[in-house]
Amino acid sequence: VYPTPLVRLDALSVKYSNEIYAKLETVNPTGSHKDRESLQLIRDMIKKGFKSAVIASTGNAAISLSALAPASRIQVHVFVSRNIAQERLNLLSTFKPTLHVIEGSYDDAVKMSNEFAADEGAYLANPGHNMAKLIGDSGMGREIAKQMKRSPPDYVVVPTNNGTLLAGLWMGLNKNSEPAMVAAIARNSELMSSIAGYHRHDGTQLDRAITESNGIVVDISDREAARATYELLHEGILCEPASAAGLAAVKKIRIKGKSVVVVITGSGLKFMESYKMAIGP
Ligand SMILES: Cc1ncc(COP(=O)(O)O)c(C=O)c1O
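Residues numbered from 1 in each chain as written. Predicted model: local features only at pLDDT ≥ 70, side-chain atom pairs only at ≥ 80, totals over all residues. Heavy atoms only, no water.

Draft legend 1. Focus on the site of the ligand. Close to the ligand lie 16 residues, the nearest being Asn-60, Asn-161, Asn-162, Gly-163 and Thr-265. The backbone of Asn-161 places a nitrogen or oxygen atom 2.8 Å from an oxygen atom of the ligand. At a separation of 3.4 Å, an oxygen atom of the ligand approaches a polar backbone atom of Ser-194. In the complex, 98% of the free accessible area of the ligand, which totals 390 Å², lies under the protein chains. Looking at the shell around the ligand, its residues break down into 3 nonpolar, 11 polar and 2 charged. (Near = heavy atom within 4 Å. Polar contact = N/O pair within 3.5 Å; in protein donor to acceptor, adjacent residues only side chain to side chain. Areas by Shrake-Rupley, 256 points an atom, 1.4 Å probe, with all protein chains shown as cover. Nonpolar A, V, L, I, M, F, W, Y, C, P; charged D, E, K, R; others polar.)

Structure, rendered in structure tokens:
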């Protein structure tokens, strides 16, 4: 993956009396940080000789792997909950994975996909099992450390569901600088589908990163995420509401005079229905 831009958010820095920077993962091939994980997964599969992969997803991870793996002749099985939004299914089917739409929740999809991978002898690309995903995300941590070498950030704020991204970032960051890691989570959410539920399938690594960095977990409401989505649009960033949770967390932890990186994990253009819900009429 090529490095993604780190930009200073001038208006929001003034508004919230902090130095706020955005790490723009929206420029990745399928518009989210999941491409970093997918490319590392594909590398791992090629090395180990796998021809098919299995992944359960709320959207972005499956879209990314389904788009990128076929170029390496890898077939992708995707497990999603029947509750997934139609627009996510539409995008997914563009890349023609084998789709398994299951009755039940995301957690059920994870369970069923784990069993399917074991039965079929396919590569398991789920969080909680796979170091390759953390290694993929650690590259972003190294980029941030390099991009902010002169003045390392005090905080790195990360929209979080399973914790893979936050833990991977911490792996890449901590040799160079030591910010506090902030997990912006959404325990109950209609709007932030990508992170709703705080599933913690990489919870052990997540907890370690939060503890080691003196970090904090902040629960974000739909209202707060909607407001942050709109504020980011004003600053020229069109991200999905789940990704705006990071900015919402900056406001909520009431810091002043600090330097903060918010990770803009995914593009709003992929999921226009949730985007419309966020910015309102
Ligand atoms: C847009 C977006 N942001 C953040 C996350 C959270 O990543 P993790 O599950 O690694 O905590 C996801 C995961 O699906 C996502 O799609």
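Draft legend 2. How the structure looks around the layout of surface pockets. Taken as a whole, the largest pocket spans an internal volume of roughly 410 Å³. For the largest pocket, the lining is made up of 18 residues, of which Thr-58, Asn-83, Ile-84, Ala-85 and Ser-193 are closest to its centre. Elements with a contribution of two residues or more to the lining of the largest pocket: α4 (86–94) and α11 (272–279). Element by element, the count of residues in the lining of the largest pocket is highest for α11, at 3 residues. (1 Å grid on protein atoms, 1.4 Å probe; cavity = no way out; pocket = protein on both sides within 12 Å on 5 of 7 lines; lining within 4 Å. Points joined across faces, edges and corners; volume = space filled by probe spheres on them. Helix = DSSP H or I, 4+ residues; strand = E, 2+ residues; numbered from the N terminus.)

Draft legend 3. View of the side chain of Glu-25. Position of Glu-25 relative to the elements: it lies in the loop between β2 (19–24) and α2 (34–48). A polar contact of 2.8 Å, which involves the side chain of Glu-25, links it to the side chain of Thr-4. Setting aside residues up to four positions removed in sequence, Glu-25 forms contacts with Thr-4, Gly-31, Ser-32, His-33, Arg-36, Met-140, Val-263, Ile-264 and Thr-265. (Contact = heavy atoms within 4.5 Å.)

Draft legend 4. Representation of the pattern of salt bridges. With the rule as written, the count across this model stands at 14 salt bridges. Across the pair Glu-143 and Arg-36 runs a salt bridge whose closest N-O atoms are separated by 3.0 Å. One end of the pair, Glu-143, is in helix α6 (residues 131–147); the other, Arg-36, is in helix α2, and 107 residues separate them in sequence. Exposure remark for Glu-143: the relative accessible area of 12% places this residue in the buried category. Of the charged contacts, one joins Arg-82 and Glu-103 as a salt bridge, the two residues approaching to 2.9 Å between their closest N and O atoms. Taken together, the residues Arg-82 in the loop between β4 (75–81) and α4 and Glu-103 in the loop between β5 (98–102) and α5 (106–120) connect sequence positions 21 residues apart. (Salt bridge = Lys/Arg side-chain N within 4 Å of Asp/Glu carboxyl O. Buried < 20%, exposed > 50% of the residue type's maximum accessible area, 1.4 Å probe, protein only.)

Draft legend 5. Spotlight on the packing of helix α3 (residues 60–68) against α4. One can describe the packing of α3 onto α4 by two numbers: an axis separation of 8 Å at closest approach and a directional angle of 15 degrees. Taken together, the axes of α3 and α4 lie roughly parallel to each other. Between α3 and α4 lies a crossing whose hand is left-handed. Where α3 abuts α4, its residues Ala-62, Ile-63 and Ser-66 lie against Arg-88, Leu-91 and Leu-92. (Axes fitted to C-alpha atoms, helices over the stretch in contact; angles between N-to-C directions. Parallel < 35°, antiparallel > 145°, perpendicular 65-115°, else oblique. Left-handed = near helix turned anticlockwise from the far one by under 90°.)

Draft legend 6. Main features of empty space enclosed by the protein. This model, assessed by the stated rule, comprises 1 cavity of 30 Å³ or more. The calculated volume of the largest cavity comes to roughly 330 Å³. Forming the walls of the largest cavity are 28 residues, and the residues nearest its centre are His-33, Lys-34, Asn-161, Ser-194 and Ile-195. In terms of residues, the lining of the largest cavity owes the most to one element, helix α7 (residues 164–173), which gives 3 residues. Taken together, the residues of the lining of the largest cavity sort by class into 10 nonpolar, 14 polar and 4 charged.

Interpretation note: all reported values are geometric properties and have no functional meaning in isolation.
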